[in-house]
Amino acid sequence: MKIAIASGKGGTGKSTVAANLACTLSRSREVALVDCDVEEPNLHLFFPAPATDVPVTNLVPEIDAERCTLCGECGKFCRFGALAVLKDSVLVFPHLCHSCGGCVLVCPQGAVREVPRTIGRVACSRPLSRLTLISGVLNEGEVQAPAVIKVAKALAEGHPLILYDASPGIACPVIETLEGSDACVLVTESTPFGLHDLRLAAEVAERVGISAGVVINRSDGEDAATIGFCREHGLPILMTIPFSREIAAVQNRGGLVCRDLPGWEERFAGLFRAVLDLPGVRA
Amino acid sequence: MIRLAVVSGKGGTGKTMMAAALADISAVPQVLVDCDVDAANLELLFKPRRLTTEEFRGLEAARIDPERCRDCGICADHCRFGAIVRRDDAWTVDLLHCEDCGVCAYVCPMGAVRLEPRVCGEISTSATGRGNLAHARLFPGSGNSGLLVTEVKKRAMNLAGDADLLLADGPPGIGCPLIATVSGMDAVLIVTEPGVSALHDLGRLVTVCRRFGVRIFVAINRFDLAEDICERIEDYCGKEGLTVVGKIPFDPGVIEAVRNGRPVTRRDSPAAGALRTLRDTLFAELGLR
């Protein structure tokens, strides 16, 4: 079973939900929690533990100057601007490379080979007795977030229960995270921003073909518009978390409400049951 | 013209609230741009009048002509992105995974693969009461968000005329869209909040911004929700030589303003007052008046 936690808007509480759900479930079973927000991973702050790093590399071209005749084929082929053929050399811009391998294929001289280049890492730890934390970390200045997400997800494969914490937005990193999930928890807040972005996130889940439900976070009771949207689009509301300074204080200091405030462990257990009840999930 | 981007690393710290407030009270000729193309929200606070809308074409995407395809599967063997899939007993391109690299078209012995333009979103320009706005909408599940950011910034530059300020509302994160936003800016205003996650993300964002040689300013939103962590943020900024230009208190008036679709500075409230002070400090630093 794989559950993705996503939202269009940032800061709605994805990591809060993911961390508390993982902690709650790990009381009774093995859980793998994967931080797929590789641009700004935060889950390790809630589960401090010594970690083992696995480097993430992608393949980038290296030009053999002896063989290169400066014919320009590689530069012409590369659609990402990662190769510039000059009068006397070929310049490689590795951070623009998508590792498609096209330059190797088109070089008539066999002068291009691919070499690995580190763009991030995946940190694996065992913070609780039944919880494995797998955090993808994109190096600062790099742009290939999906490549790091792919490795983080691959390292979690085989676990019976996996939670993916997605990045905000609706573009490639989110698609990469949602792929292969059995269910998607969309975390929103009941403001016009939250609703606007929930609409987009729900479209992404639908496009990837994943059953989704909604958690309303920091609710101040004015949720009518969000509830109406969910009803109209067949999105069950899985849980509502009220705004409270007490919850914010626990969260801001890296605590977990399921551990630090009474009643919340049971509520997150209820969230899991509600996810299992989503259409097509328990099949 | 000063080009300023409001960014945050961590999402939800209040970038759009801040950008809208600054736009509302800037009192200089300005142009606005929403660079958070994944989830563009600035227009929700300004109810702008649409001037133009155009399609955004990202890179191209592969298409296999079933008439010509001989089913050899060479394209699928060479695709590094798993974008060529078997569907209904034929090879087809999964657009969610196609990276537009062109390898499949190159290796196909039958010339059955072509690269065709695809529409990934739309770009608009609008008039608000506080200057023109360039904004965009990425279609859910499309790639190319960094490219779209670059395009929407170009539209804003075209609209700028003799504006003194280009004010951008940025995306969260530190990846492709953020880098596309910060590139070419003079300064960034990082909106953070007193929490361990936001503090962690601030450090990573500062590392990225430094590579672009932009001036970095910091605003601490909802600073009074955890004053001890707020102090840690100020210590960090002090050590890194970053100027904290303002601290905004937690204020239910902020949510109320968002709910009613207006910048928070339209009415008096503790947050609105702090934002005015922030504006004065920041604009003095930037030499705007």
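Scoring rules and cut-offs
Residues numbered from 1 in each chain as written. Chains lettered and ligands numbered in written order. Predicted model: local features only at pLDDT ≥ 70, side-chain atom pairs only at ≥ 80, totals over all residues. Domains from an automatic or database assignment. Nonpolar A, V, L, I, M, F, W, Y, C, P; charged D, E, K, R; others polar. Pairing = 2+ DSSP bridges. Helix = DSSP H or I, 4+ residues; strand = E, 2+ residues; numbered from the N terminus. Axes fitted to C-alpha atoms, helices over the stretch in contact; angles between N-to-C directions. Contact = placed C-beta atoms within 7 Å. Expected span 1.5 Å × (residues − 1). Buried ≥ 20, exposed ≤ 12 C-beta atoms within 10 Å, placed from the backbone.

Here the focus is the domain arrangement of chain B. Where the parts come together, the accessible area they lose is often given as the size of the interface. Partitioning chain B into structural domains gives domain 1 (2–57 + 121–286) and domain 2 (59–119). Across the side of domain 1 of chain B that touches domain 2 of chain B, the residue classes tally to 1 nonpolar, 2 polar and 2 charged.

Below, the discussion takes up the sheet that holds strand 7 (residues 131–138) of chain B. Residues and elements named next belong to chain B. An order of 3-6-7-2-8-1-9-10-11 is seen for the 9 strands of this open sheet, with the pairing classed as mixed. Among the strands making up the open sheet, the edge pair consists of strand 3 (49–64) and strand 11 (243–248). Pairwise comparison of adjacent strand axes, ignoring direction, gives a mean angle of 20° for this sheet. Two strands pair when backbone bridges link them, and strand 2 (residues 30–34) and strand 7 are joined in this way by 3 bridges, in the parallel orientation. If you follow Leu32 over to strand 7, its bridge partner there is Leu133. Where helix 1 (residues 15–25) meets the sheet, its contacts fall on strand 1 (2–7), strand 2, strand 7, strand 8 (165–169), strand 9 (187–192) and strand 10 (215–221), and the angle it forms with strand 8 comes to roughly 160°.

For the rest of this paragraph, the subject is the domain arrangement of chain A. According to the domain assignment, chain A contains domain 1 (2–56 + 122–276) and domain 2 (58–118). The distance between the C-alpha centroids of domain 1 of chain A and domain 2 of chain A comes to 39 Å.

Turning next to helix 7 (residues 196–210) of chain B. Three- or four-residue spacings in an α-helix give side chains the same orientation, since the helix completes a turn every 3.6 residues. Compared with an ideal rise of 1.5 Å per residue, which puts 15 residues at 21 Å, helix 7 of chain B spans 22 Å between its outermost C-alpha atoms and is within 8% of the ideal. Along helix 7 of chain B, the residues classified as buried are Ser197, Ala198, Leu199, Asp201, Leu202, Arg204, Leu205, Val206, Val208 and Cys209 of chain B.

Counting residues at the interface gives 50 residues for chain B, matched by 47 residues for chain A. Listing elements by their share of the side of chain B that touches chain A, those giving two or more residues are helix 4 (103–107), helix 5 (145–159), helix 6 (176–182), helix 7 and helix 9 (252–259) of chain B. Per element, the largest residue contribution to the side of chain B that touches chain A is 7 residues, and it comes from helix 7 of chain B.

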